[in-house]
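# Residue-level structural notes
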Amino acid sequence: MDRPPHRLGVERVVEVHSLPSLLRRAREPLPPHCPDWPLLVPEHAVVPFLGRHEELATLRAWADDPAPLSIAVLTGRGGTGKTRLAGELCAELAEVGWDAGFLTTPYPCATRLDVLRPTLLAVDHPEPWAAAIGELIRHLAGRRRRHRVRILLLTRGLPDVDVLPKGLNSVTVQLDGRPLTRAERVGHAAAAMRAFASPRAVLPALDDPGYDDPLRVHLAALMRLRGDDVEGGELLSRFLMYEQQQWMTVWPDGHEPVDAVTARQAVALVTLTTPTRQELRELLSAVPGSQTYDRGLALGDWLARLFPGRSGPQGRLAPLGPEVVAEQFLAETEGLDALVLAVHDHPARSAGHLLRLLDVLRRSSERPAVRSALLSLLTARLDGLLEEAAAEPSARLGDQVEAALRPLLSGPDGDVERGTLVRCLCVYARSLLGRQRTVEALAQVERAADLCDELDEPVGAAMTYAILGATLAALHRPHDALEAIAWSQAEAAALMRQGRHADAVRPLGEAVAALERFASGDPVLMGHLANGMLMLGDALIETGRVLEASVVLHRGTRVIEDDLLRAVARARLAFCQSELGHHEEAEEARAAAPGAYEPPDSACRRAHR
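One structure accompanies this document, and this report is about it. Residues take numbers from 1 onward in each chain, read along the sequence in its written order. This being a predicted model, a pLDDT of at least 70 is required before a residue's local features are given, and a value of 80 or more before pairs of side-chain atoms are given or counted; all residues contribute to the totals for chains, interfaces and linings. Note that water and hydrogens are dropped before the side-chain values are worked out from all heavy atoms of the structure.

Before going further, it helps to spend a moment on the nonpolar core. Inside soluble globular proteins, nonpolar side chains tend to come together where they are buried. What makes a nonpolar core is a set of buried Ala, Val, Leu, Ile, Met, Phe, Trp, Tyr and Cys residues whose side-chain atoms join them at distances within 4.5 Å. Exposure is judged per residue with a 1.4 Å probe applied to protein chains only, and the accessible area is read against the type maximum: over 50% gives exposed, under 20% gives buried, and values in between give partly exposed. Ranked by internal contacts, the top residues of the largest apolar core, which has 162 residues, are Ile-151, Leu-303 and Phe-307. When residues in this core are grouped by element, the largest group, 11 residues, is from helix α21 (residues 523-542). Apart from residues no more than four positions distant in its own chain, Phe-307 is found in contact with Trp-37, Trp-247, Val-267, Val-270, Leu-317, Ala-318, Pro-319 and Leu-320. The next biggest cluster of nonpolar side chains, apart from the first, holds 22 residues, and it includes Trp-98, Ala-100, Leu-120 and Leu-152. Helix and strand assignments come from DSSP, with helices taken as H or I runs of at least 4 residues and strands as E runs of at least 2, each series counted from the N terminus. Pairs of residues are marked as contacts when any of their non-hydrogen atoms sit within 4.5 Å.

This is the structure in structure tokens:
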């Protein structure tokens, strides 16, 4: 029998997205009455495009190739002109009828695209979105209508191999390999000065080796027009100092200006989150100097003037740019660590704000101050970040957290304090294990175990070996898992003997959860499970978490096979039920357990009596 038509109708509903709606145009008009920094942003193309003839010709030939789907990678450090070169290609192709621009949301929704004409998708900083880009490519490769599609990835270094599907990477263009010659520097500086002001202005000195990319030459020309001929090493800092002085000239009338630290933190907030105007009013309370209502209104008005972005209530403020300038600004922002944590903890902060925050910090982490802020966020809030990522998988927050962790966890051990690194490795391994990426989890937790051997810290060791045991169990290596869990329980027992019961709770919980999954039917493993449940119950009781202890001990009375240990679990359960006021349940548990197995006296129990 055929299914009802209304069911067929439901199943055939497929959300198809208009491709242009997912693209950001490569060219945007310069905002009126703007400060100086937008003059340098590649989307505005204030300075005419110069040089890079060979690179542009290579990309043109790549786009003209008859292959239906192809990928190119454009690499270079910040300021070498990747975005400007990609924008030039987009603009040329758009003029001859292509859909061309920057893909702003490479999320799962982008896999339902209706490709109606030849298309160029430029993706800036693709590293966190490897999975989403892979989904997009698989969708595009399976299309029936074969309009040409080109995907241009813009990175600061060659991307990880998992970003690039095999067989599709047809072109790689590297901009770092050829710094500007002296003649090219002069040409860029002259073009920039003509674009910014009178062509009769005197060119800046360009012999400094710091002027080997177009952005810094344009910035030197702009500063020369402003009367400041600075050396290359000080260029960014001096420009930002000049910019901030100019920003304060548009402070709203009738309001007392904020101090320089508050102003910088407010601009950093916009750069880190790109909020709408409504979101900005709420998020500004993360900036310490904006706590009063009047000051918050003035700051919001001021920021909207400086970084207007798109118009309308849902239009987002534009971040400070170009990226190199924004990175230097963040690195010089006092209190960046505290600001980042405050933004993360803010009740009005959304998953989108967090994605942007992590992305900007990761891309700017070559600067020590920004790396410190990212490290503070990851170490202080890693559990919450991974929990939020698991709760909202469609936001791909997990990909961004993983991308932020990757350089931290893959770098030299000396870059991060050993205890902090062990904790990050353990939490990350547990997250990978929860996502069924067991082999990757094992690599991370084994590295943590190696570090634990060099540390005299039982908390990290107990947690590491508990997660190692769970990982080995998931890999069907029960005997190796048992050895790791036994080691974890020994470390936890040492913590409890020192009175550090709260520190013992988490590793004991990890070990118990692992044993419950695979101990059934093995008397040795069941013995370790019984011991672990009793230890976990005692640790929870000692920390005042009697309800949680009762849950663990109740499970223990059902799964522990040894009669003696089961009686001990019932006696401890009777104590918990009594403390919770469940007197009938307490009497039932007490009746099933010999009195000789009452829990031993302790400070916690004496406090409850």
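Right, let's talk about the pattern of salt bridges for a bit. We define a salt bridge as a side-chain nitrogen of Lys or Arg found within 4 Å of a carboxyl oxygen belonging to Asp or Glu. Here the structure, examined in full by the defined rule, presents 35 salt bridges. Note that Glu-388 is salt-bridged to Arg-349, the shortest N-O span being 2.7 Å. One end of the pair, Glu-388, is in helix α14 (residues 368-391); the other, Arg-349, is in the loop between α12 (336-345) and α13 (351-363), with 39 residues separating them in the sequence. Residue Glu-388 is classed as buried on the basis of its relative accessible area, which comes to 18%. The class of Arg-349 is buried, set by a relative accessible area of 13%.

Given a helix with a known number of residues, its expected span is that number minus one, times 1.5 Å. Over its 13 residues, α13 runs 18 Å from end to end, which matches the ideal 18 Å to within 8%, given 1.5 Å per residue. With 11 of 13 residues buried, α13 lies mostly within the body of the structure. When we look at burial in α13, the residues that qualify are Ala-351, His-353, Leu-354, Leu-355, Leu-357, Leu-358, Asp-359, Val-360, Leu-361, Arg-362 and Arg-363.

On the surface, Leu-547, Val-551 and Leu-580 cluster together into a nonpolar patch covering about 250 Å² of accessible area. Structurally, the position occupied by Val-551 is in helix α22 (residues 546-559). Any residue with relative accessible area above 30% and no salt bridge may belong to a patch, with like charges joined within 9 Å and the nonpolar Val, Leu, Ile, Met, Phe, Trp and Tyr side chains within 5 Å. In this description, accessible areas are obtained by the Shrake-Rupley approach with a 1.4 Å probe, and a residue is regarded as covered only by the protein chains that are shown.

So, about the pairing of strand β7 (residues 149-155). With seven of its seven residues buried, β7 lies for the most part within the structure. The alternating pattern of β7 places Val-149, Ile-151, Leu-153 and Thr-155 and Arg-150, Leu-152 and Leu-154 on opposite faces, both of which are buried. Two strands qualify as a pair provided that DSSP identifies no fewer than 2 bridges between them. As paired strands, strand β3 (residues 69-75) and β7 are joined by seven bridges and run parallel to one another. Bridging from a neighbouring strand, Ala-72 pairs with Leu-152 of β7. Here six bridges tie strand β6 (residues 119-124) to β7, and the two strands are oriented parallel to one another. Across the sheet, Leu-121 pairs through a bridge with Ile-151, a residue of β7.

All right, on to helix α8 (residues 260-273) then. Here α8 spans 20 Å end to end across 14 residues, near enough to the 20 Å set by a 1.5 Å rise per residue. Most of α8 is tucked away: 12 of the 14 residues are buried. Listed in full, the buried residues belonging to α8 are Thr-262, Ala-263, Arg-264, Gln-265, Ala-266, Val-267, Ala-268, Leu-269, Val-270, Thr-271, Leu-272 and Thr-273. Packing partners of the buried residues in α8 comprise α7 (235-247), α9 (277-283), α10 (293-306), α11 (323-331), α12 and α13. Within 3.5 Å is the distance limit for a polar contact, defined as a pair of N or O atoms, with the added protein rule that one can donate a hydrogen and the other accept it, and that residues adjacent in sequence qualify only through two side-chain atoms. Here α8 starts with a cap whose side-chain oxygen sits 3.1 Å from the backbone nitrogen of Val-261, and that cap is Asp-259. Residue Thr-274 follows α8 closely and has a positive phi angle near 40°.

In this analysis, rings of Phe, Tyr and Trp, with Trp reduced to its six-membered ring, are considered paired at centre separations within 6.5 Å, and the interplanar angle assigns stacked below 30 degrees, edge-to-face beyond 60, and tilted for intermediate values. Tallied over the entire structure, the rule returns five aromatic pairs. Consider the rings of Trp-247 and Phe-307, whose centres lie 5.9 Å apart with planes at 75°: the pair is edge-to-face. With Trp-247 in helix α7 and Phe-307 in the loop between α10 and α11, this residue pair connects regions lying 60 residues apart in the sequence. Accessibility assignment for this pair places Trp-247 and Phe-307 in one class, buried. Two conditions define a charge located above a ring, namely a distance within 6 Å from the ring centre to NZ of Lys or CZ of Arg, and an angle within 35 degrees of the ring normal. Arg-24 extends its terminal NZ or CZ atom over the ring of Phe-102, reaching a point 4.7 Å from the ring centre.

Read these as layout, nothing more, since geometry by itself doesn't imply function.
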